[in-house]
Amino acid sequence: MAFLEWRKFNFFDLKANVDDGRIASLYKECDITVATSGNNQAVLGDSCGQIHIITRFWQVTTFRAYEFKVSLAKQLRSSPLLVTVGDDDVGINPLIKVWNTTRFDKNGIPYCCRVSRAIPGVNPVAVTTLCVHEELQLMAIGFMDGSLNLYRGEITRDRGSKQKVFRVASCAITGLAFQALGPAVFLFVATESSVYMYNITHKDKEHKISLDNMGCAKNCSVLAVYENLFMIGRNNAIYCYTIDGKGPCYAVDGEKVLLEWFRNYLVIVSTTNRPITQAVAGSSSQPTSQGHLITVLDIHNKFIVFSSVMEKVRTVFSEWGSFYIIDYNNNVYHLDEKDLQSKLALLFKKNLYDLAIRIAKSQQYDSYGLVDIYRQYGDHLYAKGGYEAAIEQYIKTIGRLEPSYVIRKFLDSQHIEYLTTYLQALHKQGQAPEDHTTLLLNCYTKLNNTDSLKEFILTKDNDLDFDVEIAIKVCRYGSPEEALMLAKKHAKHDWYIKIQIEDHEKYIEALQYISRLDFQNAENFMKKYGNILIEKEPHESTQFLKRLCTNYRPVDKTDGILNGITELNQNADAEDYIHLFLNNSERLVEFLEYLISEGCVLSSPVYDTLIEHYLHVWSALEAGPEKAKYTQKILKLLQTLEVKYDKPQALVVCHMHGFSEGIFYLYEEQKLYPQILRYHVSKGDESAVLACCRRFGHQEPSLWVQALWSCVRESNSPLIDILPEILTVIAKERLLSPQQVIEAIGIAKSDVTLGHIRSYITNELQKEHDIIENNTELIDKYQTDIEKLKQQVETLKNGVVVIQGSRCAACHHQLELPSLHFLCQHSFHHHCFQSFAENENECPACLPENKKLIELLKSREYNKDLHETFHSQLEKASDGFSLAAEYFGRSVFNKITVITDDETEKILSRAKKYDGYNQYNVLKAGNRIEESAKSNYGPSAEARIRLSENIRNTPKIISTSEGKMRLQEHQYSQSLEANITKYGTRGSSSKKSESDSQVIGKNPFEDDYDDSKNPFTDDEFDETNPFSDQYDKNLNPFEP
Amino acid sequence: MSYAYLFKYIIIGDTGVGKSCLLLQFTDKRFQPVHDLTIGVEFGARMITIDGKQIKLQIWDTAGQEAFRSITRSYYRGAAGALLVYDITRRETFNHLTTWLEDARQHSNSNMVIMLIGNKSDLESRREVKKEEGEAFAREHGLVFMETSAKTAANVEEAFINTAKEIYEKIQEGVFDINNEANGIKIGPQHSPTNPSLPGAGGQGSSQGGSCC
Ligand SMILES: Nc1nc2c(ncn2[C@@H]2O[C@H](COP(=O)(O)OP(=O)(O)O)[C@@H](O)[C@H]2O)c(=O)[nH]1
Ligand SMILES: [Mg+2]
């Protein structure tokens, strides 16, 4: 029955004569009757009653245990005790003896602890089996007649030991084995025709259980360590029993002679007809036809690991980790197990990898070794084309074997399925780097295996470990659905949106997705993808943006109460999204209007944009009610106070779109009247120009001047007609000197006729005339005054002064002696004088006046050192002009400085810092009229322009300082005049001089708009403009 | 492991029908495509729960060959349940059922529960025996029928557990003599009336016995 045989391997070597024949030399006259081993020694009993104790090195200790023969012996495994049963007489007289093999008496015989008779009843019966429990408390002996003696109690002591007899069967007991299972103890009993089990846990409550109704021969039963099986050997099979009854059965043919358990193996000695074929190494025996078959069975792996026919076996024992066989000729054989490596090599040779693995595992082979076997197995299967099975093996190598080893083998497109399996396993074990994830996903897509892909993707949380981003990236091309799913599942919002937008062009979905995100994310993604969304889905996107910028809440979380937390409403900054509407003004307008209607506070750029787009829409509209509506809207927006738009920009935009309503509004609002004027001028609308001048002229007189320029600059200017009116105003308001007007008209390109200006010139000439007359009168008066003063001086010098004063100038009482009289006609009581006077030589009444005069004179002397001080003061002064004026008042600038036109140019280029004064220079230059026209609107206008240019000059300071300057200047001119007229016209009050200067227009600072003329030429001091130099260090006027 | 009952099963049927695979699937929950031939009787055990009771199933998986009949026959007695297996892809295994059934009936106790199993249901494409035929055979002989696959594990649990349920019912009905172990039923150690619960470990118990008398 070859096909029913066990698989066979040769995992053992049988070595003969391992003892150098020492055992054989012991048995010249008698035979071995029993062999037992344990506690590091083997024990042989013989038919003459001798016991041989054998050490590992085959040293033998022999002693006589019985007079007649040794029948049974049991050396305990882990105790020096040796239990023997034998006869001291011829006949049946079995005695139990217990020896301590470590204690010897003086004759060299081990100490015998106990001697008891082994009789199951009244008559002695031959013993068949002996069994001793390793715990030394139980002992059982079986007899020929089927009875069984069970001894309880310390086996070393006769006394106290209790013996109980069981009648097991009517035939001889052939095998006994104790089995302890927790607290329970069982005794297996085999007879020649049956198997029983006794539960002997409790004394006197022993319980007999029949396990089988067939038995075995003597020596043919064994208790296997493997799963606690009690085995009996029968001709057709080995039957096994557990405490629960029948167990497995191993069909092994042959009449069994002996069973023995060794390590994990069952050693079976059976009779055989086969001749001794195998030449045993070192065997000295003659081959005989009658031998025994040794079979070593690996019960666990279910195959025969050794099988050989040899000389008839007398006995076997296992000790020192090896198995020994003694044949009928007392030759000792060693059954030597091969090492694992050789075994595996054997198996590999036969390509029995699965077996190799099983064996390696059962022998606790280390995991590296195992992995190597798996790999070899896999390679083998692969070579045979068993890819699926190969992969199965390779999977077991995961964690030890470099995955690329496997992957490379299966990269071929036909093998993708297997590769997939492997990669899946890799992921399951968390051993997959990104590349492998990519590979796996690619495999899925290549295989079109969306189900697996889905499964793979969705099980991520449970046991698969992979990089989601990579997975999305890979899926994105092969199976976008999955990529989406993945992105959604793992909240990879960016990917989700990206795929929806870029791959699927499903903008609405993307929007919906975004709208479900929390504020932060929604905001970010809207910023990121807003552009395309607005472009593709303007309506939806706008709606969403509206929500985002007003009162954002994720769509799913609309029910804030349900969450228990009333989330803070968040809204995004509209400014961030405006650029999205770049090409879609209508949407932007809609968006922003909504926001405004929601009462959002928007930043000025947002308003700017809104205005811009309003205008965009506006300009695109045909004239009609719609346009008018927009006009109103825009104006309303411009006029709303809270709307903080950037006005200059709004202006620019209005200009761009020609939205005049807005322009006007803005100009007016910002007091940019000249601009308005210019606008009208450019439109050639004379009445509007006039209206504008009239309306704003009182705030911005220069408008008129501008109007004048506009009139004359262009040839064929339609504004020519209004020239007279302009001139009238200019004259009336003294906005320009006649000379300037004439000059302006002179260079004009337009056809101004004399008719236009006749009345003006006449008027002006008349006025000039009046002034001259006035002045002449004044000169006369002054000359008379001077004359008078001269006379006075003369009188004081040479004449007699009659002191007529009768009252004291101090106390106004009648003068009494002693009194003091001064030439100035002041008289004092002596005591009054003393209490008032600071100086004996001076009149205390005149002293303050005189002092002033003297100081003034002194200060005039001072000139030389002034220049340094002046500069340093000027540097520090916040109001340089008044400082300069003060110095001027002190007649500091008495030197004449000639200023050429070239220098003026230079000054021009350097003078930027001093905007307010530039105009002189500019105007003086004369040939730069265009430019001057620009700056003509006065410092504040220019300041505004500069402001809009964002250059941080401080034009405002200048404009205010100018005011101050004027004020102070008045004062100076007053004091100057006062000083000068002191002696002559004491009565001429400051009021008068002020009115003078106003009427006559002598105040040089009123002449801001005067061109070409040095405003000071008219003055008594007759100087060239001292101010032009003040700010030019190169032209330092103070240098001699 | 403690149990309320121990049921002994035997699996019979022609060789190669998948008996060993069924057992392996039931005990180890795995399938081994290249299974060694069963030489003799293999053995497996598993705990199941029926009606809240722990029941230990001890299963003998027999070799199907005629040569081992004498060995396997000795296992019928002592089995409370039998799985009679044929292979749905090989008609002759179905044809041999009668022989198997006769053998079983002859050597087992009369109350043995026999479950007819058509195995390899996963190989639908190679089916030779219709399910109806299996059902008809079962009906005719008073067996429970089921188609299983040891490979996919389909119905494997059910086959073993349903058999156990039927045995359990029979016990409840008093059909089985639970004290006769030859019936293939054993009451668990704690539940056994013949096994009084006493304190003390086995070894000590025996030593006490020795010293007190
Ligand atoms: N497809 C498939 N094959 C099976 C199944 N059960 C067993 N086999 C195969 O059938 C063969 C014999 O199985 P085995 O269990 O040894 O049969 P036994 O002789 O009855 O123990 C083995 O190669 C198994 O792989 C099954 O349910 N489906
Ligand atoms: Mg089998």
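Small disclaimer: the values here were computed from a predicted structure and weren't measured.

Cut-offs and rules
- Residues numbered from 1 in each chain as written.
- Chains lettered and ligands numbered in written order.
- Predicted model: local features only at pLDDT ≥ 70, side-chain atom pairs only at ≥ 80, totals over all residues.
- Heavy atoms only, no water.
- Helix = DSSP H or I, 4+ residues; strand = E, 2+ residues; numbered from the N terminus.
- Buried < 20%, exposed > 50% of the residue type's maximum accessible area, 1.4 Å probe, protein only.
- Contact = heavy atoms within 4.5 Å.
- Areas by Shrake-Rupley, 256 points an atom, 1.4 Å probe, with all protein chains shown as cover.
- Pairing = 2+ DSSP bridges.
- Axes fitted to C-alpha atoms, helices over the stretch in contact; angles between N-to-C directions.
- Donors = N, O, S within 2.8 Å, 3.2 Å for Na, K, Ca; no water.
- Near = heavy atom within 4 Å.
- Polar contact = N/O pair within 3.5 Å; in protein donor to acceptor, adjacent residues only side chain to side chain.
- Nonpolar A, V, L, I, M, F, W, Y, C, P; charged D, E, K, R; others polar.
- pLDDT = per-residue confidence, 0-100.
- UniProt positions renumbered as here; feature names shortened; annotations may be inferred.
- Lys, Arg positive; Asp, Glu negative; His and termini not counted.
- Salt bridge = Lys/Arg side-chain N within 4 Å of Asp/Glu carboxyl O.

What follows covers the overall build of chain B. The secondary structure content of chain B amounts to seven helices and seven strands. Starting at the N terminus, the α and β elements of chain B follow one another as β-α-β-β-α-β-α-α-β-α-β-α-β-α. Counting all 213 residues of chain B, 53% fall into the buried class. Residue pairs in contact within chain B that sit at least 24 positions apart in sequence constitute 73% of those at least 6 positions apart. Accessible surface computed for chain B: about 9,100 Å², of which carbon and sulfur atoms make up 48%.

Residue and element names in this part refer to chain A. Pairing is antiparallel across the open sheet formed by four strands, whose spatial order is E2-E29-E28-E27. Where the open sheet ends on each side, the last strands, each with one partner, are strand E2 (12-16) and strand E27 (313-319). Averaged over all adjacent pairs, the angle separating strand axes in this sheet is 25°, with direction ignored. Strand direction decides the pairing type here: E27 and strand E28 (residues 322-327), joined by six bridges, are antiparallel. Residue pairing in the sheet places Val316 in a bridge with Ile325 of E28.

This paragraph deals with the coordination of the magnesium ion (ligand 2). Residues and elements named next belong to chain B. At the metal site, the magnesium ion (ligand 2) is ligated by Ser20 (OG) and Thr38 (OG1), and these contacts range over 2.0 Å. Taken together, the residues Ser20 in helix H1 (residues 19-28) and Thr38 in the loop between H1 and strand E2 (40-50) connect sequence positions 18 residues apart. Like Thr38, Ser20 is buried.

Attention now goes to the environment of Val83 of chain A. Residue and element names in this part refer to chain A. Take Val83: it is sitting in strand E8 (residues 81-87). On the basis of relative accessible area, Val83 is assigned to the buried category, the value being 0%. Taking the C-alpha atoms as reference points, Val83 and Cys131, separated by 48 residues in sequence, lie 9.1 Å from one another. Ignoring anything within four residues of it in the chain, the contact list for Val83 reads Leu72, Ala73, Lys74, Ile96, Lys97, Val98, Leu130, Val132, Met139 and Ile155.

All names here are of chain B. As a structural note, the neighbourhood of ligand 1 is formed by 19 residues, with Gly16, Lys19, Pro33, Asp122 and Ala150 the closest of them. At 2.9 Å, a backbone N or O of Cys21 approaches an oxygen atom of ligand 1. Within the backbone of Ala150, one N or O atom sits 2.7 Å away from an oxygen atom of ligand 1. Taking 570 Å² as the accessible area of ligand 1 by itself, protein coverage stands at 86%. Examining the composition of the shell around ligand 1, we find that three residues originate from one element, H1, more than from any other. A per-class count over the shell around ligand 1 returns six nonpolar, eight polar and five charged.

A separate point is the confidence of the model for chain B. Residue and element names in this part refer to chain B. Per-residue confidence for chain B gives a mean pLDDT of 84; residues scoring 70 or more make up 88%. Low pLDDT (under 50) marks residues 193-213, which in the prediction has 38 contacts with non-local residues, meaning those over four places away or in another chain. Interface confidence for the predicted complex, expressed as ipTM, amounts to 0.86; the pTM equals 0.57.

With that settled, the discussion passes to the UniProt feature "coiled-coil region" (unreviewed entry) in chain A. Taken from the UniProt record, the annotation "coiled-coil region" (unreviewed entry) applies to residues 772-799 of chain A. Segment residues 772-799 of chain A splits into 96% helix and 0% strand. End C-alpha atoms: 39 Å apart.

Residues and elements named next belong to chain A. Inspection of the secondary structure assignment puts Asp46 in strand E4 (residues 41-46). Buried charged residue Asp46 carries no salt bridge. Nearest counter-charge: Arg64, at 6.4 Å. Only 2.9 Å separates the side chain of Asp46 from the backbone nitrogen of Cys48, close enough to count as a polar contact. Each residue touching Asp46, except ones within four places of it in the same chain, is listed here: Tyr27, Cys30, Asp31, Ile32, Thr33, His52, Lys69 and Val70.

With that settled, consider unusual backbone geometry. Residues and elements named next belong to chain B. Not every positive phi belongs to a glycine, and Lys29 is a case in point at roughly 55°. The residue Lys29 is located in the loop between H1 and E2 in this model. The class of Lys29 is exposed, set by a relative accessible area of 54%. At Asn155, a residue that is not glycine, the phi angle is positive and equals roughly 65°. Relative to the helices and strands, Asn155 resides in the loop between strand E6 (144-147) and helix H6 (156-173). Classification of Asn155 as partly exposed rests on a relative accessible area of 29%.

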